[in-house]
Amino acid sequence: MFFYTDTADAPWTVIKSNDKKRARIEAMRHVLSQFEYANKDADLVGRPDPQIVGAASQLFEEDEQPTGFR
């Protein structure tokens, strides 16, 4: 599904959710990192873990391989 719908105009952001608590925290970090707001404390929020949050074209499970269809 991602292969056909993940486009430059409408990119997907994938959050691996094998560990639900970490996934929720990383989702919040990702959203908070996308916007500037008053009193934003980047050190407190931290950066999203790139092994959990990322572009659909870059995150794969250990046994997954990107497909060559287009």
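Just so we're clear, the structure is a prediction, and the values are computed from it rather than from any experiment.

The rules behind the values
Residues numbered from 1 in each chain as written. Predicted model: local features only at pLDDT ≥ 70, side-chain atom pairs only at ≥ 80, totals over all residues. Heavy atoms only, no water. pLDDT = per-residue confidence, 0-100. Helix = DSSP H or I, 4+ residues; strand = E, 2+ residues; numbered from the N terminus. Patch = residues over 30% accessible without salt bridge, like charges linked within 9 Å, V, L, I, M, F, W, Y side chains within 5 Å. Areas by Shrake-Rupley, 256 points an atom, 1.4 Å probe, with all protein chains shown as cover. Salt bridge = Lys/Arg side-chain N within 4 Å of Asp/Glu carboxyl O. Buried < 20%, exposed > 50% of the residue type's maximum accessible area, 1.4 Å probe, protein only. Expected span 1.5 Å × (residues − 1). Arc of directions from axis to C-beta. Contact = heavy atoms within 4.5 Å.

Draft legend 1. Highlighting the confidence of the model for the chain. Predicted confidence across the chain gives a mean pLDDT of 84, with 83% of residues reaching 70 or more. By mean pLDDT, helix α1 (residues 2-5) is the weakest element of the chain at 77, and helix α2 (residues 20-33) is the strongest at 95.

Draft legend 2. Seen up close, a nonpolar patch on the surface. Taken together, Ile25, Met28, Val31, Leu32, Phe35 and Tyr37 make up a surface patch of nonpolar side chains, about 540 Å² in accessible area. When you line up the elements, Tyr37 lands in the loop between α2 and α3 (42-45). Accessibility expressed as a relative area gives 33% for Tyr37, which makes it partly exposed.

Draft legend 3. A look at α2. Spanning 14 residues, α2 covers 20 Å between terminal C-alpha atoms, matching the ideal 20 Å at 1.5 Å per step. Residues of α2 that are buried include every one of Ala23, Glu26 and His30, and no others. Projected down its long axis, α2 carries its buried residues within an arc of 70 degrees, all on one side. Relative to its buried face, α2 has exposed residues pointing more than 90 degrees away, namely Lys21, Arg24 and Met28. Looking at the buried positions of α2, the neighbouring elements they touch are β1 (13-15) and β2 (53-55).

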